[in-house]
Amino acid sequence: MYGEVALNLAFLALQLVVLVSMLRRSRRFPQLFLCQWFAIPVVFILDTIWISSILGVPVNKVLAGNALAAPMAWFVVTGIWAAYVYKSVRVRNTFTRTNVSAQIASAS
């Protein structure tokens with residue numbers, strides 16, 4: 001149980017870092033958001049392997065039923081948002097500015 005809690009806490013920490021970078025309008029937000037997107041299947045695979053090895057149950061038994069549906073849906077939805085983050089002009093203008101106060105000072 002401790003391994004699964006640690007894995008979920010690590011993923012939560014990554015999500016909080018992404019959230020803070022978004023709220024601060026950090027230029028690193030798009031890269032962090034992409035890392036978060038890649039982390040979804042990694043966390044799911046590691047969690048599945050962890051549960052399978054601890055319980056001594058084959059992986060196909062752990063993935064029985066609809067256990068694969070929710071992570072796949074989250075991966076697809078987050079993938080759509082990741083594409084938006086990388087293609088949107090609005091996102092590029094929001095998160096790629098180097099220093100907003102310097103731009104405002106030079107404009108006046």
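Preceding block: the structure.
Rules behind the numbers
Residues numbered from 1 in each chain as written. Predicted model: local features only at pLDDT ≥ 70, side-chain atom pairs only at ≥ 80, totals over all residues. Heavy atoms only, no water. Core = buried A, V, L, I, M, F, W, Y, C linked by side-chain atoms within 4.5 Å. Buried < 20%, exposed > 50% of the residue type's maximum accessible area, 1.4 Å probe, protein only. Helix = DSSP H or I, 4+ residues; strand = E, 2+ residues; numbered from the N terminus. Contact = heavy atoms within 4.5 Å. Phe/Tyr/Trp six-rings, centres within 6.5 Å; stacked < 30°, edge-to-face > 60°. 1 Å grid on protein atoms, 1.4 Å probe; cavity = no way out; pocket = protein on both sides within 12 Å on 5 of 7 lines; lining within 4 Å. Points joined across faces, edges and corners; volume = space filled by probe spheres on them. Nonpolar A, V, L, I, M, F, W, Y, C, P; charged D, E, K, R; others polar.

A word on the nonpolar core
- Among the nonpolar cores identified, the biggest contains eight residues, and these are V18, F29, F33, W37, A82, V85, V91 and F95.
- Listing elements by their share of this core, those giving two or more residues are α2 (29–55), α4 (69–87) and α5 (89–95).
- It is α2 that contributes the most residues to this core, three residues altogether.
- Apart from the residues within four sequence positions on either side, W37 is in contact with F75, T78, G79 and A82.
- Residues L7, F11, A39 and V43 belong to the second largest nonpolar core, which totals five residues.

A look at the packing of aromatic side chains
- For the structure on display, the rule yields four aromatic pairs.
- Ring geometry for W37 versus F75: centroids 4.8 Å apart, planes at 10°, classification stacked. With a gap of 38 residues between them, W37 in helix α2 and F75 in helix α4 connect regions that are remote in the sequence.
- An aromatic cluster of at least three residues, connected via ring pairs, comprises W37, F38 and F75.

Here we look at the layout of surface pockets
- Approximately 170 Å³ is the volume attributed to the largest pocket.
- Listing elements by their share of the lining of the largest pocket, those giving two or more residues are α1 (2–23), α2, α4 and α5.
- For the lining of the largest pocket, the class distribution of residues is nine nonpolar, one polar and one charged.

Regarding the side chain of S21
- Of note, S21 is situated in helix α1.
- Note on S21: relative accessible area 7%, which makes it buried.
- The contacts of S21, once residues within four sequence positions are left out, are S26, F29, L32 and F95.

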